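Read off the chains here:
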There are 2 protein chains.
Amino acid sequence: MPAPITEEQHRLDREALLDAAERLFYERGIQAVGMDEVRAASGLPLKRIYRFFAAKEDLVVAVLKRRDRRWRGDLAAHVERVPDPRERVLAVFDWLAEWFAQPGFRGCAWANAYGELGSSSEAVLAEVRSHKQAFHDQIAAWVRAAGVAVAEPVFLLAEGAIVTAGISGDPAPARHARAAVVTLLATPSSGTADALTELTASTSMDASLN
Amino acid sequence: MPAPITEEQHRLDREALLDAAERLFYERGIQAVGMDEVRAASGLPLKRIYRFFAAKEDLVVAVLKRRDRRWRGDLAAHVERVPDPRERVLAVFDWLAEWFAQPGFRGCAWANAYGELGSSSEAVLAEVRSHKQAFHDQIAAWVRAAGVAVAEPVFLLAEGAIVTAGISGDPAPARHARAAVVTLLATPSSGTADALTELTASTSMDASLN
DNA sequence: TAAGATAGGGAACGATCGTTCTCAACGTCA
DNA sequence: TGACGTTGAGAACGATCGTTCCCTATCTTA
């Protein structure tokens with residue numbers, strides 16, 4: 001065999017490629033970054049990049065997949081260091097606050113990818129949906145463990161905080177969302193809340209709803 | 001003057017151009033739509049398009065500006081048909097639910113534009129921020145009029161519902177956000193107290209803290 | 001050492017982008 | 001009527017995209 005590429009080097013090169021692509025795609029947008037720029041940043045020849053991934057779309061999906069694993073892993077590690085179930089839910093928003101304050105924070109990579117490619121790449125759309133579903137399920141599990149039945153609003157507050165912090169460039173939404181979650185966790189759980197919803201909704205419905 | 005273009009026709013052509021561009025940009029993404037496609041869809045010659053807007057970026061900004069006026073105008077019209085201040089806040093989410101259910105709904109046009117061009121076009125970024133600020137201020141005014149001081153979470157729930165409904169393709173987040181707002185409006189966070197607030201507070205005192 | 005397979009560097013390709021230019025057609029005024 | 005100014009239709013331009021191909025250097029094995 002005349003090729004001296006070890007298995008380990010192969011793995012390292014692939015990681016370097018994903019590192020470079022992820023940074024560029026997140027910083028400047030996916031369509032704004034050409035493959036030649038990925039080549040220059042990764043140090044790998046174009047030929048090898050296309051042996052790793054047959055097309056740019058595959059590279060994008062791989063970047064999102066790896067980022068999802070790392071992002072949710074970091075979140076879970078932070079959250080599950082907290083023993084109390086109720087505090088765990090709040091820890092999600094402390095972690096978000098730290099993320100928002102990082103230099104170069106530019107909102108949700110998946111939401112951004114959706115805006116760019118959601119209607120033109122089925123594979124990217126599927127990856128974005130997969131990530132959001134997994135994030136939702138993580139939050140739902142932690143909220144359930146806290147003994148309350150308000151998973152949905154906690155997830156929506158997190159999503160709203162991420163998109164708002166990204167666009168505004170201000171990490172404050174993490175604090176606002178956290179404060180709202182404190183309130184929601186302190187309200188009587190599902191049965192009473194639903195009854196209250198029904199009561200208020202019945203007096204306001206003019207149209208819509210389903 | 002040899003040019004028979006009336007002032008009125010000029011205005012109509014401009015609207016047709018913005019109509020076509022808005023539809024294409026929202027459906028398929030901004031970068032995915034070429035100027036030649038805008039030309040074909042609008043029926044206007046390319047030369048006239050570039051007399052209206054010197055560059056594609058200017059067209060994009062104009063589309064976002066006009067959509068902002070219409071979008072927030074429609075929202076305000078729906079909300080302010082409701083007399084009761086508290087119901088008005090909930091009416092925001094009824095309007096969102098109707099929007100989410102419309103065919104072709106593809107999330108927030110401004111958030112999508114941010115994902116695509118937020119880091120490469122200062123003008124687009126400014127327009128996106130301007131829209132989000134205006135939407136935030138609208139909600140804050142309605143929430144304040146309802147006599148409670150929880151504007152931020154209501155805004156974040158709306159944002160979370162929009163992005164989630166867009167990505168998932170499911171209009172349910174509007175209902176979930178609405179239910180959460182009902183809870184928040186019934187919480188004595190601002191010191192204002194009425195019968196409903198007292199009732200909910202008295203049954204929820206077991207939780208709380210931090 | 002000779003032979004051969006593969007790697008990297010980068011040019012090349014076809015497509016498409018935003019934008020400009022050409023040119024014929026036409027309506028208006030001297 | 002004839003010259004002019006403006007228009008619409010679309011070709012053309014330069015740049016850039018994702019992707020492929022060529023060529024040479026280099027390393028392995030006989």
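Placed above this text is the structure.
Quick caveat: nothing in here was measured; it's all calculated off a predicted structure. (Residues numbered from 1 in each chain as written. Chains lettered and ligands numbered in written order. Predicted model: local features only at pLDDT ≥ 70, side-chain atom pairs only at ≥ 80, totals over all residues. Heavy atoms only, no water.)

1. Observations regarding the overall build of chain A
- Per the secondary structure count, chain A includes ten helices and zero strands.
- Each helix (α) and strand (β) of chain A, taken in turn from the N terminus, gives the series α-α-α-α-α-α-α-α-α-α.
- Relative to its full complement of 210 residues, chain A shows a buried share of 52%.
- Across chain A, contacts joining residues at least 24 apart in sequence account for 66% of those joining residues at least 6 apart.
- Working note: accessible area of chain A is about 9700 Å², and carbon and sulfur atoms make up 54% of it. (Helix = DSSP H or I, 4+ residues; strand = E, 2+ residues; numbered from the N terminus. Buried < 20%, exposed > 50% of the residue type's maximum accessible area, 1.4 Å probe, protein only. Contact = heavy atoms within 4.5 Å. Areas by Shrake-Rupley, 256 points an atom, 1.4 Å probe, with all protein chains shown as cover.)

2. Remarks on the pattern of salt bridges
Residue and element names in this part refer to chain B.
- Across all of its chains, the model carries 26 salt bridges over all chains by this definition.
- Between Arg66 and Glu15 there is a salt bridge, with its nearest N and O atoms 2.8 Å apart. Residue Arg66 is found in helix 4 (residues 56-79), and its partner Glu15 is found in helix 1 (residues 7-28); the two are separated by 51 residues along the sequence.
- Note on Glu15: relative accessible area 27%, which makes it partly exposed. (Salt bridge = Lys/Arg side-chain N within 4 Å of Asp/Glu carboxyl O.)

3. Points about the environment of Pro173(B)
- Positionally, Pro173(B) belongs in helix 9 (residues 172-185).
- As for Pro173(B) and Gly160(B), which are separated by 13 residues in sequence, their C-alpha atoms are 8.1 Å apart.
- When near neighbours in sequence (up to four residues on either side) are disregarded, Pro173(B) contacts Leu156(A), Ala161(B), Thr164(B) and Ala165(B).

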